[in-house]
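Coordinate analysis (summary)
Below are the chains, spelled out letter by letter.
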Amino acid sequence: MKKYLVILCSLVSFSYICTKELNDRNVYAATLSSSIMMFSFIFRLSNFRYYGFHYTKFLRNKRTGEVIHQQILTTTTSPTGYLRSNIAYLIGDLEVLQVKTYRYIYPLCKHFRFIKPEKPYPQYEKGIDPVEWNRDKRKIKENIIMLLDKVAA
């Protein structure tokens, strides 16, 4: 297992170095690692720098166990995704979770400076907490009707 982890981390680092070689205007690669996915250790071992965390909402379907990001419930750019997820929200099929999302950056340029100071790597915390998410259900229903007219026309 350890051998495969070293190979994986080497591949991650090498892929970003190749990205820089292909286009020298790229100055950094950024990634977010949620505490649900638990990939922070890969970024740490791949020499990414750590720049803090923020909280993100994810929703878990109580029936299927599927986990989705809050964005699919708040943007209508994917009409069918918006419809499915918001109907599940309205009928109570989704459990809302607040999750720590860690920010990692791999500098591709020695002159790169992020707007916030680099921080020491954190102790990993699962950081998944159930929360209430109060949304305007009347507005959600209006959007569902409008989108349903578009996709089922």
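Located above this text is the structure these notes cover.
Residues numbered from 1 in each chain as written. Predicted model: local features only at pLDDT ≥ 70, side-chain atom pairs only at ≥ 80, totals over all residues. Heavy atoms only, no water.

Notes on helix 5 (residues 137-151)
Helix length check: helix 5 (15 residues) gives 21 Å between terminal C-alpha atoms against 21 Å at 1.5 Å per residue, within 8%. Three or more residues of helix 5 are buried, namely I140, N143, I144 and L147. Viewed along the axis of helix 5, the buried residues span an arc of 105°, placing them on a single side of the element. Those residues of helix 5 that are exposed and aimed more than 90 degrees away from the buried face are R138, I145 and D149. Contacts from the buried residues of helix 5 go to helix 4 (79-90). Near the N-terminus of helix 5, the side chain that reaches the backbone nitrogen of R138, with its oxygen 3.2 Å away, is that of D136. (Helix = DSSP H or I, 4+ residues; strand = E, 2+ residues; numbered from the N terminus. Expected span 1.5 Å × (residues − 1). Buried < 20%, exposed > 50% of the residue type's maximum accessible area, 1.4 Å probe, protein only. Arc of directions from axis to C-beta. Contact = heavy atoms within 4.5 Å. Polar contact = N/O pair within 3.5 Å; in protein donor to acceptor, adjacent residues only side chain to side chain.)

Here's the deal with the pairing of strand 4 (residues 94-107)
Across the 14 residues of strand 4, 12 count as buried, placing the element largely inside the fold. Bridging between strand 2 (residues 49-61) and strand 4 involves 11 bridges; their strand directions are antiparallel. Residue pairing across strands places R49 opposite I105, the latter belonging to strand 4. Of the pairings in the sheet, the one linking strand 4 to strand 5 (residues 128-130) comprises three bridges and is antiparallel in character. Bridge pairing links V99 to I128 in strand 5. (Pairing = 2+ DSSP bridges.)

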